[in-house]
Amino acid sequence: MNIAKQTLAIFILSFFLQYLFSYWWLLPLVAFLVGAGLHLRTFNSFFSGFLGGFLLWGLYSLFIDWNNSSILSSQIAELFGVSSGFILILITALLAGLVSGLCALTGTFGRSVITPPPPKRIKRYSYKR
Amino acid sequence: MSGSPVPALGPLLNPFGGFWNNAEGKSTGMPSSLSLPGMTDKAEVIFDDRLVPHIFAENDMDAAYVQGYITAKYRLWQMEFTTYAAAGRLSEILGDRPIGNTTTVDYDKQQRRLGMVYAAENTIEGWKKNTSGFKLLEKYTEGVNTYINSLSPSEYPLEYKLMGYAPEEWKPIKTALLVKSMAMRLAGRENDIETTNAFDAFTKETFDFLYPDWNPNQSPVIPKGTKWDFEPVPLKKDTAKQTSIGSIPHQAQPKPNLHLGSNNWAVHGSRTATGKPILCNDPHLMLNLPSVWFELQISTPEYNAYGVSLPGMPNIIIGFNEYIAWGQTNTDWDIMDWYRMDWTDNSKTKYILDENVKSVEPRVEEIKIKGGKIVYDTVKYTFWGPVVHESDEHPKKDLALRWVAHDEPNSNELLVFKQLNKAKNYEDFSNALKDYECPAQNYVFASKDGDIAINVQGKFPLKRPGQGKMVEDGSRSFNNWQGFIPQAHNPRIKNPERGFVSSANQHSTDPSYPYYYIGGSGFEDHRSRYINKRLSEMGDKITSRQLMELQTDNGVIAAMDLVPEFLKYLKRDNLTDAERFYLNKILEWDFHFDAGSIAGTVFDEWNSEFYKGVLDEVYKKGANQSFLYPETWRLTDILKSNPLHWIFDNRSTNELETAEIIINRSFRAACKTLEERKTSEGEASLEWDKVKGSDIQHMARIPALGVFDLEIGGHHWAPNAMTALAGPSWRMVVELGNEVKAYGVYPGGQSGNPGSYYYKDFIESWRVGEYYPLLFLKRDNREDERVMQKVSFKK
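Note that this is a predicted model, so its numbers are computed, not measured. (Residues numbered from 1 in each chain as written. Chains lettered and ligands numbered in written order. Predicted model: local features only at pLDDT ≥ 70, side-chain atom pairs only at ≥ 80, totals over all residues. Heavy atoms only, no water.)

Draft legend 1. Structural context of the overall build of chain A. Scanning chain A from terminus to terminus reveals five helices and zero strands. C-alpha extents for chain A along the principal axes are approximately 65 × 40 × 25 Å. Residue pairs at least 24 apart in sequence account for 79% of intrachain contacts in chain A once pairs closer than 6 positions are excluded. Accessible area for chain A stands at about 7,900 Å²; split by element, carbon and sulfur atoms hold 71% of it. (Helix = DSSP H or I, 4+ residues; strand = E, 2+ residues; numbered from the N terminus. Contact = heavy atoms within 4.5 Å. Areas by Shrake-Rupley, 256 points an atom, 1.4 Å probe, with all protein chains shown as cover.)

Below you can see the structure in the form of structure tokens.
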């Protein structure tokens, strides 16, 4: 649930801000702030940060590419030396995911400096009597 | 090395602002209405399905403003890059690094030395004196800047993002630089150094034999035998003793591509199916993406014109309106001469001119390199012009450049194209052109009234016979041009008996023209002879379709002349199987350099071997220096008239060679080369299009953004003058009449954005010789099924 919450928060906030202001660093900034705000555990924070960025840049570039019939991505792919425009979409998504994930992680670590770290989820064992 | 070429990944891959942002959908990318500060009245721009803008404005100022805005919208990067290159500012954008076979800094230095910026500055001084013309140019400039100022970095064209810089303000001097850049391409080719060295190497007799001025078989623009109706200006004769210049050790500066030229012709109504004239033009330029031309229509209450424009310059350059059509080809008048400087000492600050000592005017050129460094180069300006070729090893052979394009132009030059766009008949056309200076062109004309004409128009130096063909002595001001040919004496032809006018870069006249003007580069006139032959034989019901076929014709008359001669001497016994294969190709050949033609390749290789085999002495004398080589038509003539001439003998062998021996030897050598290629790469590698290798590269030479290995035929001596990097940059056919019917195509697309559907959508049609019917909307009828979007421009 928390993972879904963070993923969605990063996705929606970044989309909104980037749509208005373009700057690429808005994504890592949002990821950092959301990561600090929601204060998830290490793996969950990274993973949902990653997912948020990956999906945002990945889906948006996929949409652009579809609208453009891959005219530009095929040329830029050749420029980069990769085999297709789709690989380029993947690279875009992965880069965004990595940066976003790391920033969310940094955010939650930073938060842990001023707030106690989030507890591990208590597993409830069923007693057999 | 400064200025890393690899941009940062984050900003570049950002879908909201990086390169993804340049991946457009299939639309104009314009809103339905725009409110812009520079408009004085309203205007409407209608885009058709080829993204051609049709501008309907209420006055000339708004037309200029909107043209500036729209051209910037689709071609901003190209406009900037072209003018940066012309100004020698590539190092600012690209840093210091190799490009082509030079470096950015050396290229920039060369541009400054040639006086490109100096010429542009003089041009602006001249243009400013025409206040109404200059106001229009400023309005165009304002339109471009309105667009530039509306851009946020995420909206910059792709190349800015890839190369890491931002667009700067557009200024009128950039338009002047564009004009100078065209002048360098088209009027920047001469062979003075090469000719001087050849003259120094051979006896006068041999020199005259190898390099005659006139081809007796030529077909000049103004037909042979036409009488001149003026009294020529008398020239002062040279009474001083001529001292020989000797040879020139400098490497001639890089020349514009040899194959830049064009075709145009107009057929009189008495010979067309419609009874009205048909005009055709196909300019041959370097083929790049974005394309050199931008198609558009411009209309005000005064006129309605359609054609192609040059991004960075207002008005329509080649096109038509409701009354007339016009087009251009390049002329070969020599307007670029070199003068040897007579320095007083090795400091090269003072020089002798007519026994007086004069001081050089130094101009310090600042070449900024991306990353912060600045390189300085001092260019010495003299009575003649800038000293371009300078060397400490041979200080007595430094050369200054005298070029028509350096001079301040007539201020009316600014209004030439505006007036052409408005012209309604031959008189309007001639009046519009008379102040046009450089690059000199053959302007073809046809009107609804039924007139056809060609006016050879430019600012032409007044020269003594032979003057300027070689490097001249710069210590005598007498060697300067004695003024300029009066404009009324420029050659022209109107409604000739043969029923057509045509030009394909050949000499403008026969030798009877009273002024000396050749002495620039030769221009073998195979294309013009072929075109004139075909037009003469085309009958009296000529259609546009036939003329389109002529524009895309791959036939070469030089091959028609040479092949029978070669076959006459070729010994056919004892041929190997491979040689027989290649001979059969030639025997079956129709002399057309079509894409799949192997015969074309065979002839090209054979002729090349033959040329080298015959001219071995010339190659030997010309080794390690800039040298002149004889033209193919001359070799063909010698072959036909005297196959035992000493020229065929190869001095390095004991045998006394004749034409027959050379022809056979070169055939065998050619077959050997071809067979080697066939064995290692397959028979298909011998097809002409693969041998010729036509490419349309991106202007910044980014391979991923260009188009390579086009399957297209053509030859620089065929009407379809397609070569490796240059070719027909626009093909236009216009039928005059009550309703103008026009057809056109160019190898590119209206949008300069590689991410646009319209970046290169015309290339395939152009490649196969198809033309688009041009949509010529009326002011009072702007509807058509091809209309894609209407945009209103308001204050």
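Draft legend 2. Looking closely at the overall build of chain B. Counting its secondary structure elements, chain B contains 22 helices and 31 strands. For chain B, whose C-alpha radius of gyration is 27 Å, the value lies close to the compact-globule estimate of 28 Å for 795 residues. Summarising its shape, the C-alpha atoms of chain B cover approximately 80 × 65 × 65 Å along the three principal directions. Across the 795 residues that make up chain B, the buried fraction comes to 64%. Of all intrachain contacts in chain B linking residues separated by at least 6 positions in sequence, the fraction that spans at least 24 positions is 73%. Averaging the locations of the 90 positively and 106 negatively charged side chains of chain B gives two centres separated by 2 Å. (Rg over C-alpha atoms; globule rule 2.2 N^0.38 Å. Buried < 20%, exposed > 50% of the residue type's maximum accessible area, 1.4 Å probe, protein only. Lys, Arg positive; Asp, Glu negative; His and termini not counted. Charge placed at Lys NZ, Arg CZ, Asp CG, Glu CD.)

Draft legend 3. Region of the structure containing the sheet that holds strand β21 (residues 452-457) of chain B. Residues and elements named next belong to chain B. Here we have 11 strands laid out as an open sheet, ordered β1-β31-β2-β3-β9-β10-β11-β12-β20-β21-β23, and mixed in their pairing. With partners counted over all chains shown, the strands left at the sheet margins are β1 (33-35) and β23 (492-494), one partner each. Between one strand axis and the next, the sheet turns through 15° on average, direction left out of account. As judged from the three bridges shared by β1 and strand β31 (residues 787-794), these two strands associate in the parallel manner. For serine 33, the partnering residue across the bridge sits in β31 and is serine 792. Running at roughly 10° to β21, helix α12 (residues 426-433) makes contact with β12 (324-330), β20 (441-447), β21 and β23 of the sheet. (Pairing = 2+ DSSP bridges. Axes fitted to C-alpha atoms, helices over the stretch in contact; angles between N-to-C directions.)

Draft legend 4. Quick look at the confidence of the model for chain B. Taken over all residues, the pLDDT of chain B has a mean of 93, while the share at 70 or more is 99%. Per the prediction output, this complex has pTM 0.94; the corresponding ipTM is 0.91. (pLDDT = per-residue confidence, 0-100.)

Draft legend 5. Structural detail: the side chain of threonine 83 of chain B. Residue and element names in this part refer to chain B. Structurally, threonine 83 is set in helix α2 (residues 60-86). Classification of threonine 83 as buried rests on a relative accessible area of 3%. Among the polar contacts made by the side chain of threonine 83, one reaches the main-chain carbonyl oxygen of methionine 79 at a distance of 2.8 Å. Setting aside chain neighbours within four positions, we find threonine 83 in contact with Trp170, Lys174, Leu177 and Leu178. (Polar contact = N/O pair within 3.5 Å; in protein donor to acceptor, adjacent residues only side chain to side chain.)

Draft legend 6. Molecular detail of unusual backbone geometry. All names here are of chain B. Cis geometry marks the peptide bond from leucine 289 to proline 290, where omega comes out at -10°. Its place among the elements puts proline 290 in the loop between β8 (288-289) and β9 (294-300). Residue proline 439 is bonded to the preceding cysteine 438 through a cis peptide linkage, with omega at 0°. Within the secondary structure, proline 439 sits in the loop between α12 and β20.

Draft legend 7. Molecular detail of the interface of chain B and chain A. Counting residues at the interface gives 27 residues for chain B, matched by 29 residues for chain A. Interface of chain B and chain A: buried area, both sides summed, is about 2,300 Å²; carbon and sulfur atoms make up 74% of it. When residues of the side of chain B that touches chain A are traced back to their parent elements, those giving at least two are α1 (9-13) and α7 (158-163) of chain B. Per-element tally for the side of chain B that touches chain A: the top contributor is α1 of chain B, with five residues. When grouped by side-chain class, the residues that make up the side of chain B that touches chain A number 18 nonpolar, seven polar and two charged. (Buried area = accessible area lost by both parts, 1.4 Å probe. Nonpolar A, V, L, I, M, F, W, Y, C, P; charged D, E, K, R; others polar.)

Draft legend 8. Structural detail: a nonpolar patch on the surface. All names here are of chain A. On the surface, Phe16, Leu20, Phe21, Tyr23, Trp24, Trp25, Leu29, Phe32 and Leu33 cluster together into a nonpolar patch covering about 930 Å² of accessible area. Of all the elements in the fold, those that place two or more residues in the nonpolar patch are α1 (2-21) and α2 (26-38). Mapped onto the elements of the fold, tyrosine 23 is located in the loop between α1 and α2. (Patch = residues over 30% accessible without salt bridge, like charges linked within 9 Å, V, L, I, M, F, W, Y side chains within 5 Å. Salt bridge = Lys/Arg side-chain N within 4 Å of Asp/Glu carboxyl O.)

Draft legend 9. Expanded view of helix α4 (residues 71-80) of chain A. Taken together, the buried positions of α4 of chain A are Leu72, Ser73, Gln75, Ile76 and Ala77 of chain A. Looking one or two places after α4 of chain A, you find glycine 81 of chain A, whose phi comes out positive at around 85°.

Draft legend 10. Examining the environment of proline 314 of chain B more closely. Residue and element names in this part refer to chain B. Relative to the elements of secondary structure, proline 314 occurs in the loop between β10 (303-309) and β11 (318-321). Each C-alpha atom, one on proline 314 and one on lysine 690, is 39 Å from the other, the two residues being 376 residues apart in sequence. When residues no more than four places from it in sequence are discounted, the contact partners of proline 314 are Gln67, Leu137, Tyr140 and Thr175.

Draft legend 11. Just the sheet that holds strand β13 (residues 336-340) of chain B, in detail. All names here are of chain B. One open sheet accounts for four strands, arranged β18-β19-β13-β22; its pairing is mixed. Each end of this open sheet is capped by a strand with a single partner; those strands are β18 (387-389) and β22 (472-473). When β13 meets strand β19 (residues 399-403), the two strands line up antiparallel, connected through five bridges. Considered in β19, the bridge of arginine 340 is made with leucine 399.

Draft legend 12. Fine view of the packing of aromatic side chains. All names here are of chain B. This model, assessed by the stated rule, comprises 62 aromatic pairs over all chains. Between tyrosine 306 and phenylalanine 320, the aromatic rings sit 5.6 Å apart at their centres with planes inclined by 20°, giving stacked as the arrangement. Within this pair, whereas tyrosine 306 is found in strand β10, its partner phenylalanine 320 is found in strand β11, the two being separated by 14 residues in sequence. The same class applies to tyrosine 306 as to phenylalanine 320, namely buried. Following the ring pairs from residue to residue traces out a cluster consisting of Phe566, Trp589, Phe591, Phe593, Phe603, Trp606, Phe610, Phe648, Phe667 and Trp688. Here arginine 50 stacks its cationic end above the ring of phenylalanine 762, 4.5 Å away from the centre of that ring. (Phe/Tyr/Trp six-rings, centres within 6.5 Å; stacked < 30°, edge-to-face > 60°. Lys NZ or Arg CZ within 6 Å of the ring centre and 35° of its normal.)

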